[in-house]
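# Structure assessment
Here is what each chain is made of, one letter per residue.
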Amino acid sequence: MISIRNLINGGLVDAISGSRGESVNPATGLVHADFPDSGAEDVDRAVGAAVEAFPTWRDRPVRERAALLRSLADLIDANTDRLARLESEDQGKTLAQATEIEIPRAAANFRYFAGAIEAFSGEMHQMDSQAINYTLRRARGVAGCISPWNLPLYLLTWKIAPALATGNTVVAKPSEVTPVTAGILGELAVEAGFPPGVLNLVHGFGGTVGQRIVEHPDVPTITFTGSTATGQAISRIAGPMFKRVSLELGGKNPVIVCEDADLDDAMDDIVRSAFANQGEICLCGSRILVHRSRLAEFMERFLPRVRGLRVGDPASAESDLGAIVSREHLEKIESYVQLAVEEGGKIACGGNRTGVLPERCRNGFFYEPTVILGLPQDCRTNQEEIFGPVVSVQGFDTHAEAVTKANDVPYGLACCIYTKDLSRAHRMAARIDAGIVWINCWMVRDLRTPFGGWKASGVGREGGKDALHFFTESTNVCLNLE
Ligand code: NDP
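In this text, all values refer to a predicted model and were calculated from it rather than measured experimentally. (Residues numbered from 1 in each chain as written. Predicted model: local features only at pLDDT ≥ 70, side-chain atom pairs only at ≥ 80, totals over all residues. Heavy atoms only, no water.)

Time to look at the sheet that holds strand S16 (residues 370-373). Judged by pairing direction, the sheet is mixed, and its 7 strands sit side by side in the order S15-S16-S17-S14-S13-S19-S20 without closing on themselves. The sheet terminates laterally at strand S15 (346-349) and strand S20 (436-439), the two strands that pair on one side only. Across the sheet, the mean angle separating the axes of adjacent strands is 25° when strand polarity is ignored. Sheet analysis places strand S13 (residues 253-257) next to strand S14 (residues 285-291), joined by 5 bridges and oriented parallel. Counted as the bridge partner of Val257 is Val290 from S14. Running over the sheet, helix H9 (residues 263-275) touches S13, S14, S16, strand S17 (390-396) and strand S19 (414-418) and is turned about 165° from S13. (Pairing = 2+ DSSP bridges. Helix = DSSP H or I, 4+ residues; strand = E, 2+ residues; numbered from the N terminus. Axes fitted to C-alpha atoms, helices over the stretch in contact; angles between N-to-C directions. Contact = heavy atoms within 4.5 Å.)

Moving on to a nonpolar patch on the surface. Residues Met124, Tyr134 and Leu136 make up a contiguous nonpolar surface patch of about 280 Å² in total accessible area. Looking at the secondary structure, you find Tyr134 in strand S7 (residues 131-139). (Patch = residues over 30% accessible without salt bridge, like charges linked within 9 Å, V, L, I, M, F, W, Y side chains within 5 Å. Areas by Shrake-Rupley, 256 points an atom, 1.4 Å probe, with all protein chains shown as cover. Salt bridge = Lys/Arg side-chain N within 4 Å of Asp/Glu carboxyl O.)

This next bit is on the pattern of salt bridges. Scanning the entire structure with this criterion turns up 30 salt bridges. The salt bridge partner of Glu473 is Arg140, with a shortest N-O separation of 2.9 Å. Remark: Arg140 occurs in the loop between S7 and strand S8 (142-146) and Glu473 occurs in strand S23 (residues 472-480); sequence separation between them is 333 residues. Relative accessible area serves as the criterion here: at 33%, Glu473 is assigned to the partly exposed category. (Buried < 20%, exposed > 50% of the residue type's maximum accessible area, 1.4 Å probe, protein only.)

Turning our eyes to something else, we now look at the site of the ligand. Within the structure, the ligand sits among 28 residues, and Glu176, Ser227, Leu249, Cys282 and Glu385 are positioned closest to it. In this structure, an oxygen atom belonging to the ligand sits 2.8 Å away from a side-chain N or O atom of Thr230. One nitrogen or oxygen atom from the main chain of Leu249 is found 2.7 Å from a nitrogen atom belonging to the ligand. In the complex, the protein chains occlude 88% of the 900 Å² of accessible area that the ligand would expose alone. Of all the secondary-structure elements, those providing two or more residues to the shell around the ligand are helix H7 (206-215) and strand S11 (221-225). (Near = heavy atom within 4 Å. Polar contact = N/O pair within 3.5 Å; in protein donor to acceptor, adjacent residues only side chain to side chain.)

See below:
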């Protein structure tokens, strides 16, 4: 049993109430960790510490802030095996996914923003010989960082790193479903030597801890990644308070397979984009749109690949998919597959709770990768986010129809286009209403690029300069030269 604590004002502490919540290992169905079930009073203490620490942290030389970020990255690297094991146990993801992708990316987030802030420069606008404008960028104060359960440390650090790099102090709330690696991050931040109050991590539930962070008058900046419904709730509170808010929300991402797609090259990507991390990645492709001339061939090649994926113990190197994050989420996925059948869909493969499971995983939450055919564009299964190992496959006749279908959902996060005709790919990319379009690839991420969604997928952009701008406020200074 792992017990984690809050990081508040440089100390590892329990909730003031002493109350604790439990975290379940989804592969076994058993409680494996507990965490402080914090209340508004814990958030208030954390915000108070962050307010006090802010002026000193903001004024600290950039190279010193960057050095601390790099020290934390080094400590994450040094603890990769432990963090990856715990991330896998807490979330259900395969150990390989945690070890090879997510924990290294958490370290990379700190290293990237350490370098980015050192290279950050302001703007200057000269008005002939009359005047010069230069634009200062200053930290905004306390940043509230709220993150979800699917990529726990990866997404939490994606917010914390730019906030700290730009001189803000942080009060962060990880998902209560997967709090463990954030607990370890708190310990590592103490070891790295972050001054008290600069980084605060408050564990607990969204309706208490998350809500208090959002409504606290001394937290002017909120960065949130999670569901569209919670994003709406946050907007309702933060809007009238004139807070700056970044919302990274859900997706219903299309994967367009054109008539000239190289399926030899594309198939690995398409399978991964559908089922990586059990489909619990906001960027997963959940609607595969295939040119009708290749639909039969596509299915002939896709289905055996999907059937060949092994659902199993996340700790085993043999498993391609691990466990679904929770019993509630498993039931939600199941209910969507049931709905798909009611909506006229045909399950081409999957659709069951199963896996190649050792004894210890008998009560875990496992679900087969599932492919559904024959659903109309406007049905709920094709319109709503499922966030599990479930994809639907539809045909299209023209590229215009593919673009229309790709855009015809409330979301607009990401899209993949597979074709050998790059001119066509560029034309289509310019018509897709999404924050990210990948051509002949998936999940290739350059941390300098803007990241975020259109429509119900979010507001604002993270990554690169966008993040540095989001966490800073501008002051334009105009100097008369005459
Ligand atoms: P939720 O919206 O349920 O939760 C996200 C975070 O918000 C959690 O820490 C949660 O706490 C907290 N929270 C819940 N209610 C409130 C509230 N009223 N005020 C403040 N905070 C609150 O999302 P999930 O954790 O279920 O994550 C899955 C979702 O995240 C999917 O929709 C997915 O698409 C989206 N996502 C988007 C990404 C993107 O970049 N666009 C990336 C990854 C995921 P608690 O856990 O205690 O409820």
